Amino acid sequence: MDFSESPKVTSIRHLVREFMEREVLPLEPALLHQGFVALVPTLKEVRARARQTGLWAAHVPEEHGGGGLSLTEFAVMSEELGRSPLGHYVFNCQAPDVGNMEILMAFGTPEQQERFLLPLVRGEVRSCFTMTEPEFAGSNPVWMGTTAVKDGGDWVIRGHKWFATGAEGSAFAICMAVTDPQAQDPYRRASMIIVPTDTPGFELIGNLSIMGSRGGDWASHGEVSYHGARVPLGNLLGGEGMGFALAQDRLGPGRIHHCMRWVGVCERSLDILCRHAATRELAPGRPLGSKQIVQQWIAESRAEIHAARLMVLHAAWRIEEEGARAAREEISLIKFTVARTLERVLDRTVQGLGGLGMTDDTPIAFWWAHERAARLYDGADEVHLEVVAKRILRSYGMKVHR
Ligand SMILES: Cc1cc2nc3c(=O)[nH]c(=O)nc-3n(C[C@H](O)[C@H](O)[C@H](O)COP(=O)(O)OP(=O)(O)OC[C@H]3O[C@@H](n4cnc5c(N)ncnc54)[C@H](O)[C@@H]3O)c2cc1C
């Protein structure tokens, strides 16, 4: 067992850390006080400089115009980017585009890659992913109301979606729709179809208000209606009835990206707590950090972050070695473990900062509001707990229903 970091990974870590401190962290006050939309013109310039680092869209192979990192290498980079809410966006590897790029690379036809993947990798356009529906439980991925019916040379899509991250301003959506409602295997009923957002019948109803903010541009979560949106049959991604399988393939590496981003959030959060604990005096000569309970928070956060990082890197390694399906248990384990670690680490920092923790003078309150969703999206905690427990119980001979 070798835990040493390769020289390549060390140099990526240093390069990204230095870029983030110089170019990205100084933008945070504007993000926190004015919102994402006001920053978009400035971010365009910073993104142009990020491109020069060779780590632009680093998860994408070089032949498609990306940085060509492996999943484990990109995991390390993702932690560094996660230290700021803007990191992934600046390097064009933000959700949901990162997952859409991966799925287009793996399953897109050459024509689909030319038309949809390459402009996404170049950062000329953004995309969104529309799967979750208001009327159906998103936790049950084989139960949905949106349908796509063949009519001549087209698919005609009807349905209602919400929580489409970044839908505002997206050039296209990847839509999950039922194409064979009668399929015996419920996991073969839905397909993924690419829908340009200027297609008549695609309507962005509006942005959901999330914890008091409707956001905008990439930082938005849209409600979308497909009312008879018509796209060519050739916009089908990866084959009819393959929607669920593609979603699983999309979410495997996607959970590595999210979890390592959360490890980055945790590291920054602990850093902010420690700086505060070392300098904030409760009485003359008595820093906050002299209190045993604060020392306990610091030590517990350090231990939990360390464990989380090792778990995620192990899951990434397993995906690289054997594929996302073989690593199903590891992926579920990290998804709920790291999301809960994130919540605890942020909570300790809010507590340690006192009133300051509730202000927008640090990114902690922003993360506290935005990252609560970590325990919901890409499978709520309970779904992943169930996946893990059922696999274990199955090995004890218990009959387990899917
Ligand atoms: C910020 C954010 C961004 C998102 N981005 C996207 C996006 O880009 N595209 C997209 O399609 N969707 C997106 N989503 C939607 C997200 O994937 C769903 O919210 C999630 O899958 C849960 O589905 P639901 O909201 O319908 O909750 P439900 O399925 O109704 O579940 C409600 C609760 O029931 C409990 N529960 C569910 N299953 C079980 C079980 N088996 N055992 C015990 N308890 C259970 C859980 O506590 C769960 O939170 C996003 C959500 C958020 C909050």
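Before reading on, note that the structure itself is shown above.
What counts, and where the lines are drawn
Residues numbered from 1 in each chain as written. Predicted model: local features only at pLDDT ≥ 70, side-chain atom pairs only at ≥ 80, totals over all residues. Heavy atoms only, no water. Bend = angle between axes of the 7 residues up to and from the residue. Helix = DSSP H or I, 4+ residues; strand = E, 2+ residues; numbered from the N terminus. Buried < 20%, exposed > 50% of the residue type's maximum accessible area, 1.4 Å probe, protein only. Salt bridge = Lys/Arg side-chain N within 4 Å of Asp/Glu carboxyl O. Phe/Tyr/Trp six-rings, centres within 6.5 Å; stacked < 30°, edge-to-face > 60°.

**Examining helix H3 (residues 36–51)**
Okay, so step 1: Taking the largest bend as the criterion, H3 deviates by roughly 45 degrees, centred on Thr 42.
Okay, so step 2: Listed in full, the buried residues belonging to H3 are Phe 36, Leu 39, Leu 43, Val 46, Arg 47 and Ala 50.

**Concerning the pattern of salt bridges**
Okay, so step 1: Evaluation of the coordinates by the stated rule reveals 31 salt bridges.
Okay, so step 2: In this structure, Glu 5 and Arg 13 form a salt bridge, with 2.8 Å as the shortest nitrogen-oxygen distance.
Okay, so step 3: Taking relative accessible area as the criterion, Glu 5 reaches 35% and is therefore assigned partly exposed.
Okay, so step 4: Glu 386 is the salt-bridge partner of Lys 390, the closest N and O atoms lying 3.0 Å from each other.

**Observations regarding the packing of aromatic side chains**
Okay, so step 1: All chains considered together, the criterion is met by 10 aromatic pairs.
Okay, so step 2: Between Tyr 187 and Phe 244 the ring centres are 4.5 Å apart and the planes differ by 65 degrees, which places this aromatic pair in the edge-to-face class. Taken together, the residues span a long stretch of sequence, with Tyr 187 in the loop between strand E4 (172–178) and strand E5 (190–196) and Phe 244 in helix H8 (residues 243–279) at a distance of 57 residues. Both residues of the pair, Tyr 187 and Phe 244, belong to the buried class.
Okay, so step 3: Ring centres of Trp 262 and Tyr 377 lie 6.3 Å apart, and the angle between their planes is 45 degrees; on these two criteria the pair is classed as tilted. Of the two residues, Trp 262 sits in helix H8 while Tyr 377 sits in the loop between helix H11 (364–370) and helix H12 (381–395), which places them 115 residues apart along the sequence.
Okay, so step 4: Taking relative accessible area as the criterion, Trp 262 reaches 0% and is therefore assigned buried.
Okay, so step 5: Assessed through its relative accessible area of 27%, Tyr 377 is described here as partly exposed.

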